[in-house]
Structures are given as C-alpha cells and as structure tokens.
Amino acid sequence: MVINLTDLKKYMQQAIMEPLDHKNLDKDVPYFAEVVSTTENVAVFIWENLKRLLPVGMLYKVKVYETDQNIVVYKGE
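Residues numbered from 1 in each chain as written. Predicted model: local features only at pLDDT ≥ 70, side-chain atom pairs only at ≥ 80, totals over all residues. Heavy atoms only, no water.

> How would you summarise helix α1 (residues 5–20) if you had to cite specific residues and measurements?
A rise of 1.5 Å per residue sets the reference length of α1, with its 16 residues, at 22 Å; its end C-alpha atoms lie 21 Å apart and thus fit the reference within 8%. The principal kink in α1, of about 40°, is found at Gln 13. Taken together, the buried positions of α1 are Tyr 11, Ala 15, Ile 16 and Leu 20. Buried residues in α1 make contact with α2 (25–28), α3 (31–34) and α4 (39–53). By the N-cap criterion, in which a side-chain oxygen at the helix start approaches the backbone nitrogen of a residue two or three places on, α1 is capped by Asn 4, the distance to Thr 6 being 2.7 Å. (Helix = DSSP H or I, 4+ residues; strand = E, 2+ residues; numbered from the N terminus. Expected span 1.5 Å × (residues − 1). Bend = angle between axes of the 7 residues up to and from the residue. Buried < 20%, exposed > 50% of the residue type's maximum accessible area, 1.4 Å probe, protein only. Contact = heavy atoms within 4.5 Å. Polar contact = N/O pair within 3.5 Å; in protein donor to acceptor, adjacent residues only side chain to side chain.)

> A description of the packing of α1 against α4 should follow, citing residues and the corresponding values.
Packed helices, taken two at a time, are described by the angle their axes make and the gap between the axes. Two numbers describe how α1 lies on α4: the axes approach to 9 Å, and their chain directions differ by 140°. Relative to α4, the element α1 lies oblique. Where α1 crosses over α4, the handedness of that crossing is right-handed. Along its contact with α1, which presents Tyr 11, Met 12, Gln 14, Ala 15, Ile 16, Pro 19 and Leu 20, the element α4 presents Val 42, Phe 45, Ile 46, Asn 49, Leu 50 and Leu 53. Within the contact of α1 with α4, the residues separate by chemical class into 11 nonpolar, two polar and no charged. (Axes fitted to C-alpha atoms, helices over the stretch in contact; angles between N-to-C directions. Parallel < 35°, antiparallel > 145°, perpendicular 65-115°, else oblique. Left-handed = near helix turned anticlockwise from the far one by under 90°. Nonpolar A, V, L, I, M, F, W, Y, C, P; charged D, E, K, R; others polar.)

Next comes the structure, spelled out in structure tokens:
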C-alpha cells in the first residue's frame, strides 16, 4: 500500500471537494478570479492543492474527466 486510503480520502476532501464541490468556479473560488476555469486549469488547481497536503514525491498525476472524450492529465509540468 502506497498511502492509507483513509488519509487519501481526507486529503481529497480538503484539496478538491471543499473548495470545488457545488461551487460556481468563476464566482466562488478565488483561484479562478484570475484564471480561466478550463479543465486544464482545474487540473492545475487540484495538483497544487494536493501537492501541499500529500507527502513529498507522492503525487504523480492528476486526471480530470470533463466528458468521455475530453480528459486532461497533468503531471506538474
């Protein structure tokens, strides 16, 4: 096991669900006041939030599915 799933769920809740769930990204999330809320930028936002919480070197990639055919993969590049 790479990470305890209970811990991972807690990190995801704090980094993704609390700031983004049931929110108008452009109006309710300060990050998107200055950044266009594209799927690519949502992936970057999630990466930055998770990177602050997870142990160093633990985060490899973030994958965001907008639709079945529009998927963004971000590896901190």
